[in-house]
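Chains, contacts and geometry: an overview
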Amino acid sequence: MERKLLKDFELDPKNTSDEALQRWRSAVSIVKNPRRRFRHVADLAKRSAAELKRRKIQEKIRVALYVQKAALQFIEAGGPPEYKLPDEDREAGFSIHPDELASIVRGHDIKGLKIHRGVEGIARKICVSLNEGVITKDLPIRQKIYGFNSFTEKPSRTFLMFVWESLHDLTLIILMVCAVVSIGVGIPTEGWPKGLYDGLGIILSIVLVVMVTAISDYKQSLEFKDLDSEKKKIFIQVTRDGKRQKVSIYDLVVGDIVHLSIGDQVPADGIYISGYSLLIDESSLSGESEPVNVYEEKPFLLSGTKVQDGSGKMLVTTVGMRTEWGKLMETLNEGGEDETPLQVKLNGVATIIGKIGLTFAVLTFLILLGRYLVEKALNNEFTDWSSSDALTILNYFATAVTIIVVAVPEGLPLAVTLSLAFAMKKLMEERALVRHLSACETMGSAGCICTDKTGTLTTNHMAVVKVWISEKSIDIKGNASDLLKSEISETVLGILLQAIFQNTGSEVVKDDSGKNIILGTPTESALLEFGLLLGGDFDAQRREFKILKVEPFNSVRKKMSVLVALPKGGVRAICKGASEIILRMCDKIVDCNGESVNLSEEQEKDITDVINGFASGALRTLCLAFKDVDDTSIENSIPDSGYTLIAVVGIKDPVRPGVKDAVLTCLAAGITVRMVTGDNIYTAKAIARECGILTEDERAIEGQEFRSMSPEQMKDIIPRIQVMARSSPSDKHTLVSHLRKMFGEVVAVTGDGTNDAPALHEADIGLAMGIAGTEVAKENADVIILDDNFTTIVNVAKWGRAVYINIQKFVQFQLTVNVVALVLNFATACISGSAPLTAVQLLWVNMIMDTLGALALATEPPNDGLMKRPPVGRGVSFITKAMWRNIIGHSIYQLAVLAVLYFDGKRLLNLSGSNATDVLNTLIFNSFVFCQVFNEINSRDIEKINVFRGMLNSRIFLGVMVGTVVFQVIIVEFLGDFASTVPLSWQLWLLSILLGSVSLLVAVIIKCIPVERTTSTTNHHDGYDALPSGDNLA
């Protein structure tokens, strides 16, 4: 039924089509306040305009890049501009105008660059040394003259803007008009000040509703702003004051020397200084998918492009809004982020309930008006009309409008945003940055996590603990230098240090105290640290040898190679990488004397056993090899065979504390954990066993075997895969794609490299690593795990589940209030001709169930019980049978109590006197509110009887409860003239509270009524069936 009613409100969590977005917008019909309701909904018109603007900028850039400067000048309809250097720039020592510098790079003006004598000439004109970089004390003057590396952003919305937005609620506007008319009619009819009370009461209630709503929305906006600023934090490597260091992209200045490596985003426009095989993806700027090689003859680098391969250094020439990327950035967030599936679904629920509410409101008004007219006719007063009659009809109309206020649950979709904002803020504290709202929501449904090993399951703090060299296996403990020197010859040690120090993308630098600091990846840092322990001198090695060519490591090659010119003549290729890959490239081995001797089959088998032995001990294994080549082959690619094996290195990367418990938590929650790694299968299996991922039947597979399978074989093996070793990024993408499409799984996948981007994009939730991850990976991810820790991923899943269950709680609570308020006012209007709840009272009830209810229930923190139930599958009904059971049960109880009070309250309570009706109506209002207070407590758990567990840990919930009760006392006891109430005796107060609290007992009885539950039939790889839902769960 739900699926049929909400068919237009179904949305994919990722990559949603514009057609689907437009379809649900068209289906929404009853909206009280479009400005507020759709604030967190993408503006498709703005987005379309921004896309048009973006394409124009990209076309201009494409012309500049591919048709060159003459065509660009033709488009700009002018000749080359003349630049006059300001006196301020000249006095600061600069001799090139910022706009001229920008135009050279933007227009790829190689001729202009040569006029300024190349990159060295530009460096001189902006007063910077290409070796030393910018001097820190010069940063302010450079920022003043050449600008900051920041982009124009829309100003934040003020609190008053949220107040103004809240006032656009159509029903509140109608009520304000009614209030003004009521005052205008009431004062002449009932005199001063009595005629003022009804209208003023409505106005004060509206002011309260508007202020509470605006405060809640404003706080949300501040949380989103903080999260947005976190998303934009990017750090890059620069050389300043002669030292390599990390700085924020926003602190970059013209003249900075930036170090680029695979996966980096080019942070500003600049000119290439030096590097190896630098390949740049310019598609984000120009739309062209073909990557561009950057070298001395094509030296221009543009901000916002990505390093696809290689490495290099660049001189920053243009920053901020002077770059084309700066102009593009203005358009990137135009139109807002796509709405989440839950937001859309609840917009559908709100629409359906709104239609029902509108019908009830119209009927209520017609019945009240009809009865009033019939009574006048029966009393022969139909032709006798006065201002008091007008006031009565106006009150009927105000009551009907207020029923619409209560009936249209505007807060449902907004509660999702509130809950997501709260969860995102808490996840930020737990070291997870949610980039897309829908990811937090979808993570609660994840049934599978495909995780990397290195840095996620392990600490990423690596150290060389074993080495096989000169046909000996040596444990590295204590003073490795003395130990190795006694075991191997000086010649072998020299070759080993060459292989370590020459073939690396990392650097050894000195800190202020003169201590060695290693800048680079953990694996390379471990090797360099090992080299330094052996007594090697990194700087001396790099000065002695000249690097001719570099093939950087990537996840496809699984190796890194360099060509170096030897000091005494000749060229040597040095290679390191995945052990079995390097071993296959070798046909010789370094013996104990440092001589290259042929590698026999028996020796190869022995070395393979060594590698497998290291790997079975949970060590990462790398082979180091070299080959002396002819000078004539320098221009060709680095050879892939004929190498001489130097050593096998075993690197220890310990499992993170808490990972095994986190994996067990996942298994208990029905989430399958699969390790997908580029490491050796023996290493992968050893770590997987240690983490609790791999079970006794050891369902582990290598990437090469996996990719050679047919689709039928894959369909059979994929559910049983626990470990995939020596996998490529394409293997990860295939696995994720098949899990989603073949098996309907909701898949989360981790990634850190540039080549992981397709898998991150394909998965339901892409999780990029914050420390080890490249900018390309982060850009394609939905969540960034800032500490690279698997336990944090489990926390994201827990909060995702909390968001889903919290919204279910709120929906259950709000629908119960809806049903009771609608039926009560409608039934009493039909039977007696008057409604027991006035406009002011209904506005207060609306605030309890809308803004305050969302605050109380949608922000509850998760409990451990959430991870002891299976994930919510795709296409499962949001409003469950258990929720309908609770809604109907509580509605019946509340209606029964209120009906008895309304129709027989005076007799049962012995109420008499002139104010008996007022006392009874106040008691009904008070009992109704306390029923909602205790129903809010009941709603804390949909199935479990103990609804008090963890309540003291939820400060917001307790605050809302106390605030509601205190304000209810104020309304009843002190604001009677405005709220149509009278003070109650302590006995009636006690009765109101007692009637409300009985709903706690009613809830126990209701929850004992069995309902059919949808249970998962998926078998998980731990050998157990998915846990069924039930009363024993959270």
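As the structure is a prediction and not an experimental result, all values here were calculated from the model.

Right, let's talk about empty space enclosed by the protein for a bit. Here the structure, examined in full by the defined rule, presents five cavities of 30 Å³ or more. Together, 15 residues line the largest cavity, and R36, D169, V209, T213 and D850 are the ones closest to its centre. Elements with a contribution of two residues or more to the lining of the largest cavity: α12 (194-231) and α33 (839-857). Ranked by residue count, the leading element in the lining of the largest cavity is α33, at four residues. Residue composition of the lining of the largest cavity, by class: five nonpolar, five polar and five charged. Size it by volume and the second largest cavity reaches roughly 70 Å³. Elements represented by at least two residues in the lining of the second largest cavity include exactly α12, α17 (411-429) and α33. Taken together, the residues of the lining of the second largest cavity break down into five nonpolar, four polar and three charged.

Turning our eyes to something else, we now look at the environment of S48. Note on placement: S48 falls in helix α4 (residues 44-75). As for S48 and K231, which are separated by 183 residues in sequence, their C-alpha atoms are 24 Å apart.

Bringing the pattern of salt bridges into the picture now. Within the structure shown, the criterion is met by 30 salt bridges. Where K453 meets D679, a salt bridge forms, and the shortest distance between an N and an O atom there is 2.8 Å. Taken together, the positions of K453 in the loop between β9 (448-451) and β10 (463-469) and D679 in the loop between β21 (672-676) and α26 (681-691) put the pair 226 residues apart, joining distant regions of the chain. Here K453 and D679 have matching classes, each one buried. Here E762 and R740 are joined by a salt bridge, their closest N and O atoms 3.2 Å apart. One end of the pair, E762, is in helix α30 (residues 757-762); the other, R740, is in helix α29 (residues 729-741), and 22 residues separate them in sequence. Sharing partners across several salt bridges, the network here consists of R740, K741, E762 and D764.

To continue, consider the confidence of the model for the chain. Any residue range with low pLDDT should be treated as having predicted coordinates unsuitable for detailed reading. Residue-level pLDDT values for the chain average 84, and 93% of them are 70 or greater. Taken as a whole, residues 69-77 scores under 50 in pLDDT and shows eleven contacts with residues more than four places along the chain or in a different chain. Contacts for the low-pLDDT stretch residues 1015-1034, under 50 throughout, to residues beyond four places or in other chains number 43 contacts.

About the thresholds
- Residues numbered from 1 in each chain as written.
- Predicted model: local features only at pLDDT ≥ 70, side-chain atom pairs only at ≥ 80, totals over all residues.
- Heavy atoms only, no water.
- 1 Å grid on protein atoms, 1.4 Å probe; cavity = no way out; pocket = protein on both sides within 12 Å on 5 of 7 lines; lining within 4 Å.
- Points joined across faces, edges and corners; volume = space filled by probe spheres on them.
- Helix = DSSP H or I, 4+ residues; strand = E, 2+ residues; numbered from the N terminus.
- Nonpolar A, V, L, I, M, F, W, Y, C, P; charged D, E, K, R; others polar.
- Salt bridge = Lys/Arg side-chain N within 4 Å of Asp/Glu carboxyl O.
- Buried < 20%, exposed > 50% of the residue type's maximum accessible area, 1.4 Å probe, protein only.
- pLDDT = per-residue confidence, 0-100.
- Contact = heavy atoms within 4.5 Å.

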